[in-house]
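Letter by letter, the chains look like this.
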Amino acid sequence: MSPHGIATVAQQEFRLRIRAGRWRVLLSIWFAVLVLFTCLLRAALGGFSNEDVADKGIVIYGGLMLFVLGLALLVVPALAAQSVNGDRERGTLATLQVTRLSAADICLGKFAAAWGTALVFLFVTLPLVVYAIAQKGVPVGRVAVVTVVLALLLGTVCAISLALSALLSRTTTSGVLAYLAVFALTVGTLIAFGLTTAITTEPYTSSYQNPCPSASQLPQDLPQAQRDQILAGCGQTQTFQETRSRTDRTWWLLAPNPFVILADAAPQLPPLTAAQKRQRQADEQRGVFRQDARDIDPLGGLGRAVRGLREPPTAIGRSTVGYSQVGPVSGGYSSQLSIALDPPKRRRPVWPYGLAFDVAVAAGALWVTTRRLATPSRNLPKGQRVA
Amino acid sequence: MTSTGAGVVAQGVRRRFGDVEAVRGIDLTAAPGEVTALVGPNGAGKTTLLLVLATLLVPDAGEVRVAGFDPVREPDAVRARMGWSPDVFGLYDNLTAREYLQFFADAYRLGPARAKARAQELLDLARLAEFADRPVHVLSRGQKQRLGLTRALVHEPEVLLLDEPASGLDPRSRVELRDLLRALAAAGTAVIVSSHLLGDLEELADRVVFVDRGATVGEHRLDQLPEATVARPWRLRALDTDALVAALTRNGYDHDVPGPAGVDVRITGDEAAADLLAGLVRDGIRVVSCQPLGGALEAAYLELTQ
Ligand SMILES: Nc1ncnc2c1ncn2[C@@H]1O[C@H](COP(=O)(O)OP(=O)(O)OP(=O)(O)O)[C@@H](O)[C@H]1O
Ligand SMILES: [Mg+2]
């Protein structure tokens, strides 16, 4: 393996790609679709009743990046899925293998060309990213991390597609399987998570002690009968049958999902500064209400949700009890039990596992490809001639 | 280039694909400075053997040295010294002939300046200079074949393996191919050519290795082909065909119905042919020509491969 060898193959592949495809048309369509999406998203934000959204950039950028990822997952498998077996079919692989290029040179050169092409698609979204940033609120750190993670995810898809093209002799089969692999990563992880979560749902018994309010804590006008009832039940233990799903045991099934990785890897937004808070209060006093983009931040929201799944459900019996007015009709009060699982105390990140897994899969795919390209070969797949 | 190379030595090469034993004991040597022909019927295992020599297939058994190195354990050393042109190959569409050669020059690590010069040399050699900057897919089959052949020469290999290089070439290109290969051999290259064009090989090769059903059945210098032991057709022509036929029938020769080109007689070996001719002359038949049908190589081929 040598940088010169990899560069030789990559340049050649790139040149062939550029000459073979209608890249200008393809990139134009890609860009047009993204512009359309961004415009619609922007318009949708403007239409949030009469509340304006502060820091729209957060929402536009997040939505755009998730959309770019989705669209790229449709494009990228095609970039490498016929790379090796296509060459074999055309009879150009063996002549390459007898040169001084090593199997790793050929593998990495092809990978670099495919990944480079994918990054060109990413690069084309730059004007829209700039637009999103201009809409305020997007931290630079988030842009940097999201870009790197997006590039790594597309590289993973390239590597998997390349390995499939090396493993399978028919280009149509490897093409279909490359899309199936992407489907498995995106929808498959969701299905697996959903189904296993249903299986891990377990019953549990929640018990709690009725609280003992002092007489003064109860509303003044509470009828004496109810007052007596509450005080009589004070200190008694009640049990409830509940179910809870143990997503803390299955969260890792979601981890390899590219969308999950991207959203969770995006750094959380910094809390509002004191000045921003004051500004907001002043606005509200003037009657100007703004929807906070933090509440509808697509990346942060998805990330927080996934992190929440990783934590075990709250310990048994930690429920809270409150009294609330049932309704004005009877004019009375009743005690009402509300059992709520406490929000997780910590939210540990999920993306390092997912990204590590995906990158490991990519490395494995490149290793497999190199193995399959290595000559002299001992075993040939059935019915395949070397040349 | 001086002859320092070790040529090719293969002994007891075996290779099976699933339950097909494609090669089961081929021995072959090709010395530097010589053209060695690899001849055998379809499916004899020639292509498979060349793939083993070209560092693409691991043999199941056997000792192989190409340019002095083991293709399995030291493939890179072999590749630096060996050029291979397969029987069927593809060219990259959308690439010009010059770019094609330059790409392979890069792949053989020639260095940019040398790559450029070498590409031009080879384009001139293959008479493709006028097509140098056109996409390769517009080239004719023979032109593609020539371009593919020159690709194998990019790094001036000391061992050259050519699998049916002459198929699809016009007569002139075949003569040029012959001259090119002779020139390369004269410069010290060990050349192995597999071909079904025995007439061409007769003028090209120094040695011939016959293979049949995966095994070597004969290895000869071309000027020392084995004596014929089986009857082969010879073609006789005389001024008076009827008298010739009568004389042949009288002497009990196995002959065909005379055609416009003459009468074909089945005889065994040069001795018998000389005897026949002497007898006919003695009988007063005025023989114009007497020659074996097909060359000596063809005769030996038909004899060795049943
Ligand atoms: N990859 C393969 N898988 C299965 N069988 C193979 C493979 N390659 C070759 N064979 C078989 O091995 C035998 C030898 O094939 P090979 O291509 O070496 O013959 P050849 O001498 O080059 O013939 P031709 O003169 O027709 O080119 C044939 O019977 C062929 O079917
Ligand atoms: Mg063959």
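Predicted model, so just to flag it, every value in this text is computed and none were measured.

Reading guide: rules and limits
Residues numbered from 1 in each chain as written. Chains lettered and ligands numbered in written order. Predicted model: local features only at pLDDT ≥ 70, side-chain atom pairs only at ≥ 80, totals over all residues. Heavy atoms only, no water. Near = heavy atom within 4 Å. Polar contact = N/O pair within 3.5 Å; in protein donor to acceptor, adjacent residues only side chain to side chain. Areas by Shrake-Rupley, 256 points an atom, 1.4 Å probe, with all protein chains shown as cover. Salt bridge = Lys/Arg side-chain N within 4 Å of Asp/Glu carboxyl O. Helix = DSSP H or I, 4+ residues; strand = E, 2+ residues; numbered from the N terminus. Buried < 20%, exposed > 50% of the residue type's maximum accessible area, 1.4 Å probe, protein only. Domains from an automatic or database assignment. Contact = heavy atoms within 4.5 Å. Buried area = accessible area lost by both parts, 1.4 Å probe.

Colleague: Give me the lowdown on the site of ligand 1, citing residues and values where you can.
Modeller: Taken together, 15 residues lie around ligand 1, and Asn-42, Gly-43, Lys-46, Thr-47 and Thr-48 of chain B are the ones closest in. In this structure ligand 1 sits where residues from chains A and B come together. Contact distances for ligand 1 include 2.9 Å between an oxygen atom and a side-chain N or O atom of Asn-42 of chain B. Protein burial of ligand 1: of its 630 Å² of free accessible surface, 75% is covered by the chains.

Colleague: Describe in detail the pattern of salt bridges, supporting the description with residues and values.
Modeller: Residues and elements named next belong to chain A. Tallying each qualifying case throughout the model produces 35 salt bridges over all chains. Ionic pairing is found between Asp-297 and Arg-142, a salt bridge with its closest N-O pair at 3.0 Å. With a gap of 155 residues between them, Asp-297 in the loop between strand E4 (290-292) and helix H14 (298-310) and Arg-142 in helix H9 (residues 140-167) connect regions that are remote in the sequence. In this pair, the class of Asp-297 matches that of Arg-142, namely buried. Three or more residues are tied together by salt bridges with common partners; here these are Glu-13, Arg-17, Asp-87, Arg-90 and Lys-110.

Colleague: Explain the domain arrangement of chain B to me, using residue names and the numbers behind them.
Modeller: As a measure of interface size, the accessible area lost when the parts come together is often cited. All names here are of chain B. Here chain B is partitioned into domain 1 (8-224) and domain 2 (232-304). Each of domain 1 and domain 2 was reduced to a C-alpha centroid, and the two centroids are 39 Å apart. The interface of domain 1 with domain 2 comprises twelve residues on the first partner and seven residues on the second. Both sides together, the interface formed by domain 1 and domain 2 hides about 770 Å², and carbon and sulfur atoms give 77% of it.

Colleague: Residues and numbers for helix H5 (residues 141-151) of chain B, please.
Modeller: Taking burial as the measure, the eleven residues of H5 of chain B include nine buried ones, the bulk of the element. Of all the residues in H5 of chain B, the buried ones are Gly-142, Gln-143, Gln-145, Arg-146, Leu-147, Gly-148, Leu-149, Thr-150 and Arg-151 of chain B. At its buried positions, H5 of chain B is contacted by helix H6 (93-97) of chain A together with strand E5 (82-85), helix H3 (97-107), helix H4 (112-125), strand E6 (159-163) and helix H6 (171-186) of chain B.

Colleague: With reference to specific residues and values, describe the interface of chain B and chain A.
Modeller: Listed per partner, the contact involves 34 residues of chain B and 27 residues of chain A. Across the chain B/chain A interface, buried area totals approximately 3000 Å², and carbon plus sulfur atoms make up 60% of it. The three residues of chain B that bury the most area against chain A are Leu-56, Tyr-92 and Phe-103 of chain B, which together make up 20% of that side's buried surface. Counting across the chain B and chain A interface gives three salt bridges. Glu-99 of chain B is the partner of Arg-19 of chain A in a salt bridge, and the nearest nitrogen-oxygen pair spans 2.7 Å. Linking chain B with chain A are 14 residue pairs in polar contact (both at pLDDT 80 or more), by the criterion used here. Sorting the residues of the side of chain B that touches chain A by element identifies strand E1 (8-17), helix H1 (46-53), helix H2 (75-81) and H3 of chain B as the ones contributing at least two each.

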